[in-house]
Every structure is written in C-alpha cells, then in structure tokens.
Amino acid sequence: QVQLVESGGGLVQAGGSLILSCAASGIAFSINDMGWYRQAPGKQRELVAIITSGGSTNYADSVKGRFTISRDNAKNTVYLQMNSLKPEDTAVYSCNVQYLSSVLRLKGNAWGQGTQVTVSA
C-alpha cells in the first residue's frame, strides 16, 4: 500500500510563490499518474494538475502558465510549483497517486492528507 506525505503549504501574499511536494512511500509495483487537486471552502474538489509516468502534463485552465507540476521518479515525489498566486488559489491542496500494487498488480489510488494554501490580497 502507498502512503503520501505532503509539505509546503502556507500563507503567501498575492503574486508570491509556493512549492508543494508529495512523497510516496510503501510498496507498489509501479507508480503511474501523480496529481494535485484542491478544494476551496464551499466548492467541489477540482483537478489542478496531473503528470503521467512518462512526464506528460495537464493543467486546469485557471492555473496554466502559473503552476508547474513535476516529478522525481527516483524519489517517488511529485511537486507543484505555484507562481503568481492569487487569492482565488486559496484552498486545501491534496496530492493523488495512481499505482499498481506489488501483489496481483491491482490498481490503487492514494491521497495525501492535504495542505492549506492561503493567498492574501
């Protein structure tokens, strides 16, 4: 089973930057897609960015050009570099990892505990 530990959230002024990281540990045959989601108060959780095992990326329109997702496969870690932050980026950010289990190669889905990002005006 895969466990995720996130770090890097906090309070930042509008226009500032933050970097989030999410490290996966545990036993898995392979780690496939890694992504970041966010949920603002009173809103549904939304996809922010996703990166495949091959490095292909996809972003929500609202963060294109400002956020960059990357991964270090040797460390089983995914990062989210967030630049030009806006107050509307305020949310709890959670990482998600899709993997194949080491036993029976079953598909698995792990979530991080979430980290708060607050952007002040």
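Residues numbered from 1 in each chain as written. Predicted model: local features only at pLDDT ≥ 70, side-chain atom pairs only at ≥ 80, totals over all residues. Heavy atoms only, no water.

K.L.:
So what's going on with the overall build of the protein chain? Residues and values would help.
P.N.:
Helix and strand counts for the protein chain stand at zero helices and 11 strands. Expected size for 121 residues packed as a compact globule is a radius of gyration near 14 Å; at 14 Å, the protein chain falls within 12% of this value. For the protein chain, the spread of C-alpha atoms along the three principal axes comes to 50 × 25 × 20 Å. Pairs at least 24 apart in sequence give 55% of the contacts found in the protein chain among residues at least 6 apart. Approximately 6,500 Å² of the protein chain is accessible, and the part contributed by carbon and sulfur atoms is 50%. Charge centroids of the protein chain, computed over 10 positive and 7 negative side chains, lie 4 Å from each other. (Helix = DSSP H or I, 4+ residues; strand = E, 2+ residues; numbered from the N terminus. Rg over C-alpha atoms; globule rule 2.2 N^0.38 Å. Contact = heavy atoms within 4.5 Å. Areas by Shrake-Rupley, 256 points an atom, 1.4 Å probe, with all protein chains shown as cover. Lys, Arg positive; Asp, Glu negative; His and termini not counted. Charge placed at Lys NZ, Arg CZ, Asp CG, Glu CD.)

K.L.:
Quick one: what's the story with the pairing of strand β5 (residues 46-51), residue by residue and with numbers?
P.N.:
Bridge analysis of strand β4 (residues 30-39) against β5 gives five bridges, and the strand direction is antiparallel. Within the sheet, the bridge partner assigned to Arg38 lies in β5 and is Glu46. Between the end of β4 and the start of β5, which pair antiparallel, lie six residues, with Gly42 showing a positive phi angle near 75°. (Pairing = 2+ DSSP bridges.)

K.L.:
Can you break down unusual backbone geometry residue by residue, with the values?
P.N.:
With a phi close to 50°, Asn76 is a non-glycine residue in the positive phi region. For Asn76, the position within the fold is in the loop between β7 (67-72) and β8 (77-82). Of note in this structure, Leu104 is not a glycine but carries a positive phi near 70°. Along the polypeptide, Leu104 turns up in the loop between β9 (91-100) and β10 (107-111). Under the relative-accessibility criterion, Leu104 is labelled exposed at 69%. (Buried < 20%, exposed > 50% of the residue type's maximum accessible area, 1.4 Å probe, protein only.)

K.L.:
How would you summarise the nonpolar core if you had to cite specific residues and measurements?
P.N.:
Among the nonpolar cores identified, the biggest contains 31 residues, and Trp36, Leu80, Met82 and Tyr93 are the most heavily contacted of them. Only β1 (2-7), β3 (18-26), β4, β5, β7, β8, β9 and β11 (115-120) provide two or more residues apiece to this core. (Core = buried A, V, L, I, M, F, W, Y, C linked by side-chain atoms within 4.5 Å.)

K.L.:
Help me get a handle on a nonpolar patch on the surface, residues and values and all.
P.N.:
Together, Val103, Leu104 and Leu106 give the surface a local cluster of nonpolar side chains, amounting to about 340 Å² of exposed area. Turning to its location among the elements, Leu106 is positioned in the loop between β9 and β10. (Patch = residues over 30% accessible without salt bridge, like charges linked within 9 Å, V, L, I, M, F, W, Y side chains within 5 Å. Salt bridge = Lys/Arg side-chain N within 4 Å of Asp/Glu carboxyl O.)

K.L.:
An account of the sheet that holds β3 is requested, with residue identities and associated values reported.
P.N.:
Spatially, the four strands line up as an open sheet ordered β1-β3-β8-β7, and their pairing is antiparallel. On the outer flanks of this sheet lie β1 and β7, each paired with one strand and no other. Neighbour-to-neighbour, the strand axes of this sheet turn through a mean angle of 15°, independent of strand direction. (Axes fitted to C-alpha atoms, helices over the stretch in contact; angles between N-to-C directions.)

K.L.:
Which residues make up the packing of aromatic side chains, and what are the values?
P.N.:
All told, the structure shown has one aromatic pair when counted by the stated rule. Taking NZ or CZ as reference, Arg45 lies 3.9 Å from the ring centre of Trp111, over its face. Lying across the ring of Phe29, Arg105 places its NZ or CZ 3.6 Å from the centre. (Phe/Tyr/Trp six-rings, centres within 6.5 Å; stacked < 30°, edge-to-face > 60°. Lys NZ or Arg CZ within 6 Å of the ring centre and 35° of its normal.)

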